[in-house]
Structures are given as structure tokens and as C-alpha cells.
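Structural overview for review
Chain by chain, the residues:
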Amino acid sequence: MNAGILWAAGGLFLVGAWVGSMGWAYEQGGQRERLEWQLKDATREARQTKVDFDAYRQETERLHGLSQIIESKMDALRDAQPKIIERYNRVVEKNPLPADCRPGPDRLRELNAAIEAANAARAGESLKKVQSD
């Protein structure tokens, strides 16, 4: 009888060990799947981050190009505007108008040149606004 109990206890032990090893194997398989999912998520997030970074880099390059264009146009305006003002001031200082006089042809040409330059600058600004909209 003792031998029968021993055989039954040994068999129960083997069945318990087998069930335990199956449970452990199942858990390891689940852990592997979870790790694969985490890897896929991390890969997808890395891909999206790269796409976002590329878009940011392209936008930065575009804005840098625009800032260079604006700076060059501002330099051109800075260079042109003082010349017109200096020419006008030179004419006013050399030939000041009396209170009851009309402007002479030279002064009138200088005034027209200044007006045309101002209008061209304003037209260029409004053209830029229309193009940017």
C-alpha cells in the first residue's frame, strides 16, 4: 500500500511539474509577444519622430531662405533710401526756395524721383503682401 501511495504521489508530482512548466512556457510566450509589440511601437514612434524632424528641418531651411531674401531687400532699401534723401537735401540746401517761388526744373525732377522711389517701394511691399497671402 505504501508503494501505491508513493506511485500516486510521484505521478501527482510529475503532473504538477508538467502543468507548472506549461504555465511557465505560456508566460514566456506572452512576454515575447509583449516585447515584440513594444518593439513595433518604438519603431513606429521613431519613424514618426524622423518624419516630424525632417518636416521641421525643411521648414527651418525655407524660413532661413526667406530671411536671407528679406535681409537682402532691406539692405537694398537702406542703401537706396539715404541716397534719395541726400540728393533732395543737397538740392534744398543749394537752392532754397523763397516763400513766394515755385520749384525749378531741377528741384521738380528731384521731387519726382523721390516720389517715384517711394511709390515703387510701397508697390513692392504691397506686391510682397499679395504674394505671401
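Residues numbered from 1 in each chain as written. Predicted model: local features only at pLDDT ≥ 70, side-chain atom pairs only at ≥ 80, totals over all residues. Heavy atoms only, no water.

Looking at an unreviewed UniProt entry, one finds the protein chain named DUF2570 domain-containing protein, with Chromobacterium amazonense as its source organism.

Let us look at the overall build of the protein chain. Scanning the protein chain from N- to C-terminus turns up two helices and zero strands. Counting all 133 residues of the protein chain, 3% fall into the buried class. (Helix = DSSP H or I, 4+ residues; strand = E, 2+ residues; numbered from the N terminus. Buried < 20%, exposed > 50% of the residue type's maximum accessible area, 1.4 Å probe, protein only.)

The subject of this paragraph is the UniProt feature "coiled-coil region" (unreviewed entry) in the protein chain. The sites that carry the UniProt feature "coiled-coil region" (unreviewed entry) are, in the present numbering, residues 32-59. For the annotated span residues 32-59, helix accounts for 100% and strand for 0% of the residues, and the straight-line distance between the end C-alpha atoms is 41 Å. (UniProt positions renumbered as here; feature names shortened; annotations may be inferred.)

Here the UniProt-annotated "transmembrane region" (unreviewed entry) positions come out as residues 6-26. A helix fraction of 100% and a strand fraction of 0% characterise residues 6-26, whose end C-alpha atoms lie 30 Å from each other.

All right, on to the pattern of salt bridges then. Enumeration according to the criterion identifies six salt bridges in this entry. For Lys50, the salt bridge is made with Asp54, and the minimal N-O distance between the two is 3.1 Å. Of this pair, Lys50 and Asp54 are both found in helix α1 (residues 2-94), four residues apart, which corresponds to roughly one turn of the helix. Owing to a relative accessible area of 22%, Asp54 belongs among the partly exposed residues under this scheme. Residues Glu61 and Arg57 are paired through a salt bridge, measuring 3.4 Å at the closest nitrogen-oxygen approach. Here Glu61 and its partner Arg57 are both found in helix α1, four residues apart, which amounts to about one turn of the helix. Each of Lys50, Asp54, Arg57 and Glu61 takes part in a single network of salt bridges with overlapping partners. (Salt bridge = Lys/Arg side-chain N within 4 Å of Asp/Glu carboxyl O.)

Before going further, it helps to examine the environment of Arg109. Topologically, Arg109 is positioned in helix α2 (residues 105-132). When the C-alpha positions of Arg109 and Tyr88 are compared, they lie 9.8 Å apart, and in sequence the two are 21 residues distant.

Okay, a nonpolar patch on the surface next. Taken together, the side chains of Val15, Trp18, Val19 and Met22 define a hydrophobic patch exposed on the protein surface, amounting to about 420 Å² of accessible area. Relative to the assigned elements, Val19 resides in helix α1. The exposure class assigned to Val19 is partly exposed, which follows from its relative accessible area of 48%. (Patch = residues over 30% accessible without salt bridge, like charges linked within 9 Å, V, L, I, M, F, W, Y side chains within 5 Å. Areas by Shrake-Rupley, 256 points an atom, 1.4 Å probe, with all protein chains shown as cover.)

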